[in-house]
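Breakdown of the fold
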Amino acid sequence: MQLFELAGTILFSIGSAGAILFALSSWLGKVWANRILEHERNELSILKETFLKEHNEKIATYKTTVDVVAKILADLDKCSLGDMPLEKGKEAYHTFNEQRMRVYGYLAMVSPQAVMDTQDALMDKILLVTQGKEKYIWEEIRELALALLNEIRKDIAIDKSPISYNGKL
């Protein structure tokens, strides 16, 4: 009989200790899991902030690029229509040339090669036209500008499908 009591006491002690150990390990596991989860949340938050900052900087760079291109194209239109005096045309060219170089540096910091290639093609065409080495043909310039915009759209993931000019001019 004493043997059974002793065995019962031992089993009760082991069971109680096991229950206590189980409760403690469960509690400790939850504490660790929460700490790990909080650490992961902080890292994700940092990654998200970094991504958004880089994305916004990239969009700002692309807007600057579009502004420079739009300005020189408007000036080319004025020149082709005879609405810009020669001196103003030279001034517009020098302003464009400076901005073109600045934009190239900005793009080189944030853009993939496909954007750089289409930007190079457009700028080369504009330079050849402004230097009098090629004729100003709006449709050719427009196609190059649309190619650049399409590569930009792919890069910033607005819409990967290309846009096109569907007007009549």
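Starting afresh in each chain, residues are numbered from 1 along the sequence in its written order. The predicted nature of this model means local features are confined to residues of pLDDT at least 70 and side-chain atom pairs, given and counted, to a pLDDT of 80 or more, with totals for whole chains, interfaces and linings taken over all residues. Computation of side-chain values covers all heavy atoms of the structure but excludes hydrogens and water.

1. Some thoughts on the overall build of the protein
Helix and strand labels come from DSSP, where a helix needs a run of H or I of at least four residues and a strand needs a run of E of at least two; each type is numbered from the N terminus. Along the protein, the regular secondary structure elements total four helices and zero strands. Helices (α) and strands (β) of the protein occur, in sequence order from the N terminus, as α-α-α-α. The globule rule used for comparison is 2.2 Å times the number of residues to the exponent 0.38, while the radius of gyration itself is calculated over C-alpha atoms. The globule rule puts the C-alpha radius of gyration for 169 residues at 15 Å, and the 33 Å found for the protein is more than 25% above it. Projected onto its principal axes, the C-alpha coordinates of the protein cover approximately 120 × 30 × 20 Å. Note on areas: these come from Shrake-Rupley sampling with a 1.4 Å probe, and a residue is covered only by the protein chains present in the view. For the protein, the accessible surface area stands at approximately 12,200 Å², while carbon and sulfur atoms represent 63% of it. Taking the average place of the 21 positive charges on the side chains of the protein and the average place of its 24 negative ones, the gap between the two points comes to 3 Å. In this charge count, Lys and Arg are treated as positive and Asp and Glu as negative; neither His nor the chain ends contribute. Taken as the charge location is NZ of Lys, CZ of Arg, CG of Asp or CD of Glu.

2. Looking at a nonpolar patch on the surface
Taken together, Ile20, Leu24, Trp27, Leu28, Trp32 and Ile36 make up a surface patch of nonpolar side chains, about 680 Å² in accessible area. For Leu28, a relative accessible area of 32% gives the class partly exposed. Candidate patch residues must exceed 30% relative accessible area and have no salt bridge, after which like charges are joined if within 9 Å and Val, Leu, Ile, Met, Phe, Trp or Tyr side chains if within 5 Å. Salt bridges are defined by distance alone: a side-chain nitrogen of Lys or Arg within 4 Å of a carboxyl oxygen of Asp or Glu. Between buried and exposed lies partly exposed: a residue is buried under 20% and exposed over 50% of the maximum accessible area for its type, with that area taken using a 1.4 Å probe on protein chains only.

3. Let's talk about empty space enclosed by the protein
With a 1 Å grid spanning the protein atoms alone, the term cavity applies to any set of points in which a 1.4 Å probe fits but cannot get out, the term pocket to an open set with protein on both sides within 12 Å along at least five of seven lines, and the term lining residue to any residue with an atom within 4 Å of a point. Grid points are joined across faces, edges and corners, and a volume is the space filled by probe spheres set on the points. Taken as a whole and judged by the stated rule, the model has one cavity of 30 Å³ or more. One number sums up the size of the largest cavity: a volume of about 40 Å³. Forming the walls of the largest cavity are Val68, Lys71, Ile72, Asp75, Ala92, Thr95, Phe96 and Gln99. Among the secondary structure elements, those contributing two or more residues to the lining of the largest cavity are α1 (2-80) and α2 (86-110). Amino acids are sorted into nonpolar (Ala, Val, Leu, Ile, Met, Phe, Trp, Tyr, Cys and Pro), charged (Asp, Glu, Lys and Arg) and polar (every other residue, Gly among them). By residue class, the composition of the lining of the largest cavity is four nonpolar, two polar and two charged.

4. So, the nonpolar core
Core analysis: the largest hydrophobic core is formed by 22 residues, its most contacted members being Leu73, Phe96, Leu122 and Ile126. Contributing elements (two or more residues each) for this core: α1, α2, α3 (113-130) and α4 (138-155). At seven residues, α3 tops the list of elements feeding residues into this core. Ignoring sequence-local partners within four residues, the contact set of Leu73 consists of Ile126, Tyr136, Trp138 and Ile141. In these notes, a set of buried Ala, Val, Leu, Ile, Met, Phe, Trp, Tyr and Cys residues joined through side-chain atoms within 4.5 Å is what counts as a nonpolar core. Contacts are residue-level and defined by heavy atoms, with any inter-residue pair within 4.5 Å sufficient.

5. Focus on the pattern of salt bridges
Within this structure, the stated rule accounts for eight salt bridges. With a closest N to O distance of 2.7 Å, Arg102 and Glu98 form a salt bridge. Taken together, the residues span about one helical turn, with Arg102 and Glu98 both in helix α2 at a distance of four residues. Judged by its relative accessible area of 47%, Glu98 is partly exposed. Overlapping salt bridges bring together Lys125, Glu134 and Glu140 as one network.

6. Considering the layout of surface pockets
Its boundaries defined by the atoms lining it, the largest pocket holds a volume of some 170 Å³. What lines the largest pocket is Ile72, Asp75, Leu76, Cys79, Ser80, Gly89, Ala92, Tyr93, Val129, Thr130 and Tyr136. Those elements that place two or more of their residues in the lining of the largest pocket are α1, α2 and α3. Looking at the lining of the largest pocket element by element, the count peaks at five residues for α1. Its residues placed into classes, the lining of the largest pocket shows seven nonpolar, three polar and one charged.

Taken by themselves, the reported measurements are silent on function.
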